[in-house]
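# Topology and contacts: notes
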Amino acid sequence: MTVIEPAPHASDREPERAPAAVPSFATRAAVVGGSPVRDILAVTARPEVINFAGGLPAPELFDREGIAAAFREVLAETPAQALQYSTTEGEPSLRAGLAARMSARGLGTDADDLLITTGSQQGLSLLATALVDPGDTVLVEDPCYLAALQVFGLAGARIVAVPGDADGVDPRALEELVVRERPKLFYTVPTFQNPTGRTLPAERRAAVAQVAARCGVWIVEDDPYGELRYDGERVPWIASCPGAEDRTVLLGSFSKVMAPGLRLGWLRAPAALKRACAVAKQAADLHTATVNQLAAARCLTGLDTHVARVRDVYRARRDAMLAGLADALPDGSTWNRPAGGMFVWARLPESYDTTALLPEVVRHDVAYVPGAPFYAGEPDRSTLRLCFVTQTPEEIGEGLRRLGEGLRAGVSPTRSARPAG
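A brief structural summary. If you're wondering where the values come from, they're calculated on a predicted model, not measured in any experiment.

A separate point is the packing of helix H12 (residues 303-328) against helix H14 (residues 393-410). In the contact formed by H12 and H14, the axes pass within 9 Å of each other and the chain directions differ by 25°. In terms of axis orientation, H12 runs roughly parallel to H14. Here H12 and H14 pass one another in a crossing that is right-handed. Judged by residue contacts, Ala316, Arg317, Ala320, Met321, Gly324, Leu325, Asp327 and Ala328 of H12 engage Pro393, Ile396, Leu400, Gly404, Leu407 and Arg408 from H14. Its residues placed into classes, the contact of H12 with H14 shows nine nonpolar, two polar and three charged.

Before going further, it helps to spend a moment on the sheet that holds strand S14 (residues 369-370). Spatial strand order, S11-S12-S15-S14: four strands in an open sheet with antiparallel pairing. Either end of the sheet is taken by a strand with one partner, and the two such strands are strand S11 (334-335) and S14. Note: S14 against strand S15 (residues 383-387), two bridges, orientation antiparallel. If you follow Val369 over to S15, its bridge partner there is Arg385.

To continue, consider the packing of helix H6 (residues 120-131) against helix H7 (residues 146-154). Each pair of packed helices can be described by the angle between their axes along with the distance between the axes. Relative orientation of the contacting elements H6 and H7 amounts to 30°, with a least axis distance of 9 Å. Considering the angle they form, H6 stands roughly parallel to H7. By crossing handedness, the relation of H6 to H7 is classed as right-handed. Only Ala147, Ala148, Val151 and Phe152 of H7 make contact with H6, whose side of the interface consists of Gln121, Leu124, Ser125 and Ala128. Across the contact of H6 with H7, the residue classes tally to six nonpolar, two polar and no charged.

Tallying each qualifying case throughout the model produces two cavities of 30 Å³ or more. Grouping the constituent residues of the lining of the largest cavity by class yields nine nonpolar, two polar and one charged. For the second largest cavity, the full set of lining residues is Glu141, Asp167, Gly168, Val169, Thr188, Val189, Pro190, Arg198 and Leu200. Here the residues of the lining of the second largest cavity sort into four nonpolar, two polar and three charged.

As a further point, take the sheet that holds strand S10 (residues 265-268). Spatially, S2-S10-S9-S8-S7-S3-S4 is the arrangement adopted by the seven strands of the open sheet, whose pairing is mixed. Two strands in the sheet have a free side with no partner beyond their single neighbour: strand S2 (114-117) and strand S4 (158-162). Averaged over all pairs of adjacent strands, the angle between strand axes in this sheet comes to 20°, irrespective of strand direction. Direction of pairing for strand S8 (residues 218-222) relative to strand S9 (residues 248-253): parallel, over a ladder of four bridges. Paired with Ile219 across the two strands is Thr248, which belongs to S9. Here helix H10 (residues 271-284) sits on the sheet and contacts S2, S8, S9 and S10; the angle it forms with S2, its principal contact strand, is near 25°.

If you walk through the whole model with that rule in mind, you get 28 salt bridges. Among the ionic pairs, Asp231 bridges to Arg318, the shortest N-O distance being 2.5 Å. Of the two residues, Asp231 sits in the loop between S8 and S9 while Arg318 sits in helix H12, which places them 87 residues apart along the sequence. The exposure class of Asp231 is partly exposed, given its relative accessible area of 28%. A residue is classified by how much of its surface remains accessible, and Arg318, at 1% relative accessible area, is buried. Ionic pairing is found between Arg402 and Glu398, a salt bridge with its closest N-O pair at 3.0 Å. With a gap of four residues between them, Arg402 and Glu398 both fall in helix H14, about one helical turn apart. Within this structure, Arg101, Arg105, Glu227 and Asp304 form a network of salt bridges that share partners.

A few words on the packing of aromatic side chains. In this structure the tally under the stated criterion is six aromatic pairs. Relative to Phe374, the ring of Trp345 has its centre 6.1 Å away and its plane inclined at 85°; by these criteria the two rings are edge-to-face. Of the two residues, Trp345 is situated in strand S12 (residues 343-347) and Phe374 in the loop between S14 and S15; the sequence distance between them amounts to 29 residues. The same class applies to Trp345 and to Phe374, which are both buried. Considering the side-chain rings of Trp345 and Tyr375, the 6.4 Å spacing of their centres and the 45° angle between planes classify their relative orientation as tilted. With Trp345 in strand S12 and Tyr375 in the loop between S14 and S15, the pair connects residues that are 30 residues apart, well separated along the chain. By the burial criterion, Trp345 is buried, and Tyr375 matches it. Linked through ring pairs, Trp345, Phe374 and Tyr375 together constitute an aromatic cluster. The positively charged end of Arg234 is found above the aromatic ring belonging to Trp237, 4.4 Å away from the centroid.

Rules behind the numbers
- As a convention, each chain's residues are numbered from 1 in the sequence order in which they are written.
- A pLDDT threshold of at least 70 governs which residues receive local features in this predicted model, and a stricter bar of 80 or more applies before side-chain atom pairs are shown or counted, although totals over entire chains, interfaces and linings include all residues.
- Excluding hydrogens and water, the side-chain values take into account all heavy atoms of the structure.
- Each axis is a line fitted through C-alpha atoms, and for a helix only the stretch in contact is used; angles between axes span 0 to 180 degrees, taken between their N-to-C directions.
- Working definition: helices are DSSP H or I runs of at least four residues, strands are E runs of at least two. Numbering for both runs from the N terminus.
- Oblique is the label for every angle not falling under 35 degrees (roughly parallel), over 145 degrees (roughly antiparallel), or within 65 to 115 degrees (roughly perpendicular).
- In this scheme the handedness of a crossing depends on how the near helix is turned from the far one: anticlockwise by less than a right angle means left-handed, clockwise means right-handed.
- Between two residues, a contact is recorded if the distance between any of their heavy atoms is within 4.5 Å.
- Each residue is assigned to one of three groups, with Ala, Val, Leu, Ile, Met, Phe, Trp, Tyr, Cys and Pro labelled nonpolar, Asp, Glu, Lys and Arg labelled charged, and all others, Gly among them, labelled polar.
- Being paired, for any two strands, means DSSP has found at least two bridges between them.
- For each structure, a 1 Å grid was placed over the protein atoms alone; sets of points admitting a 1.4 Å probe that cannot get out are labelled cavities, open sets with protein on both sides within 12 Å along at least five of seven lines are labelled pockets, and lining residues have an atom within 4 Å of a point.
- Grid points are joined across faces, edges and corners, and a volume is the space filled by probe spheres set on the points.
- A side-chain nitrogen of Lys or Arg and a carboxyl oxygen of Asp or Glu constitute a salt bridge if their distance falls within 4 Å.
- The buried label applies to any residue whose accessible area, calculated with a 1.4 Å probe on protein chains only, is under 20% of its type's maximum; exposed applies above 50%, and partly exposed to all values in between.
- Side-chain rings of Phe, Tyr and Trp, where Trp is taken by its six-membered ring, are said to pair if the distance between their centres is within 6.5 Å; with planes under 30 degrees apart they count as stacked, over 60 as edge-to-face, and otherwise as tilted.
- The rule is short: NZ of Lys or CZ of Arg within 6 Å of the ring centre and within 35 degrees of the ring normal puts a charge over the ring.

See below:
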């Protein structure tokens, strides 16, 4: 006979327990914050805002027809290859084309010297994985490309800024810090730097190479803007200077000269380091999108013509911004005249805090990036970065008018600027 047990009384049941807490995030996830530039772009996404904050190339200048034709040809002629897995190092046709371009510009390069990456930002992450252990020291420019600070911070590096001036890093200060701090690497954007737009002169590049040769440090030379020159003559890469040959990594990107949506970059490195980065890439994404690589390889033949057109347009936009800054910025402000790239760097009088002023400026439907997040050490809070390539000259003029109004409103008698620092 089956015995049916009576249901337990409510008071006899085991009390329900709350779910156990999941383990905490990695320390680096809590220590390293998000990108202030990305945060600003999210806040200023309204179409009426004239946005000088992003480092966005002008979308109307993308070679849409050429890129579309390249994809059509690739998918029609080699669909099995284009839609299949590829090698981690990258498609041979793209690496060969890039190697030829670099060799023609004075840096002898073989296809085997190159690793194709998913944007040059991935190249930075791979290098941090291959070179930097938690607690290692990394030297950077002052101020520095913001996303590089994020990469090295996530790697657990101790980041030290190297002093410089309007021409860039001071090689003597660099050598002193290399001797004292024993860093793994020195990261630099020597041509049309982000955020300052400045370019390191040839004699300083040679001196930086000699510091690396004498003292033993890796140089990571990031060059996303080098082809966007509007004035003057091209300056050779640090990687081509005597003493730098076996200790310099050169990063490049199609984002500023072809299209950022392709997510294509590359790194040129000595063989052992390139292999270490390839292993790190295998763990990250196996390889960069095959179809994008094959299409880009076809676009290389017309790239110089396209870049020349882009340069002409961007030069006019740079000149429009430079022409309007005197009326937009308060008396006592200073700014540079970049010979290329995408950015103007400005410094307001010392009493101005551009982070504190930004909300008022955004209320006038214009935006910039405050300078403070670009500093590894003590920031200069009176600085700001303006991108001039995304808007037309007419839009730039209107944006600068709004900027002037916003800055004046921010320091009115009822809304004074917070002292810097």
